[in-house]
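# Geometric and topological summary
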Amino acid sequence: MSVIDKPTSRDGALQEAFGADVAELYAQAARGEANAALQRALELRSFLAIAEEQVARVRDRVHAVTAADADMGDPSASDLRWDADWLEAALAGRDGYTAALDELLRTMPPPTQLAALTPALSPKITAAAPPTPAAPRAGAARMRHP
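None of these values were measured; they are calculated from a predicted model.

It is worth spelling out the packing of helix α3 (residues 36-65) against helix α4 (residues 77-107) at this point. Contact pair α3 / α4: the axes reach a minimum separation of 8 Å and the direction vectors enclose 155°. Between α3 and α4, the angle is such that the two are roughly antiparallel. In terms of crossing hand, the pair formed by α3 and α4 is left-handed. Across the contact of α3 with α4, the residue classes tally to 19 nonpolar, three polar and six charged.

The structure is reproduced here in structure tokens:
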């Protein structure tokens, strides 16, 4: 499953900030219509989707081995410590991506200004002629050293 299809805890904030659902925002980026703020937000969202999936996987594994009907001899203290370390790392990643995405959404320009920053569909390409080489030192006489 693609990160585009995975829901995240910040999808509503992205939709509110950019005025479209997440799938449409990714489509805009694929068409080259995304401004820098949207590109960064989608990158952070993609990382967040993976981090939240990792948190869910570890949580589900711990719930499965500690369920009331689970085999009491199945979970070892070592396995649970390992899962606790994995969960701590996954939560730290999730928290970092969430904080970065929230900060980006908080500090970006209002939606009315974002529309003006969006690149045109067919960008203009301009070229400048290379600089002309400097003329040799015309009329400069070389001095001879004794």
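Enumeration according to the criterion identifies two aromatic pairs in this entry. When the ring of phenylalanine 47 is compared with that of tyrosine 97, the centres are 5.4 Å apart and the planes differ by 35°; the resulting orientation is tilted. Placement of the pair is phenylalanine 47 in helix α3 and tyrosine 97 in helix α4, with a sequence separation of 50 residues. Judged by relative accessible area, phenylalanine 47 falls into the partly exposed class, the value being 36%. Judged by relative accessible area, tyrosine 97 falls into the partly exposed class, the value being 30%. Between tryptophan 82 and tryptophan 86, the aromatic rings sit 6.2 Å apart at their centres with planes inclined by 70°, giving edge-to-face as the arrangement.

Basis of the calculations
Residues numbered from 1 in each chain as written. Predicted model: local features only at pLDDT ≥ 70, side-chain atom pairs only at ≥ 80, totals over all residues. Heavy atoms only, no water. Axes fitted to C-alpha atoms, helices over the stretch in contact; angles between N-to-C directions. Helix = DSSP H or I, 4+ residues; strand = E, 2+ residues; numbered from the N terminus. Parallel < 35°, antiparallel > 145°, perpendicular 65-115°, else oblique. Left-handed = near helix turned anticlockwise from the far one by under 90°. Nonpolar A, V, L, I, M, F, W, Y, C, P; charged D, E, K, R; others polar. Phe/Tyr/Trp six-rings, centres within 6.5 Å; stacked < 30°, edge-to-face > 60°. Buried < 20%, exposed > 50% of the residue type's maximum accessible area, 1.4 Å probe, protein only.

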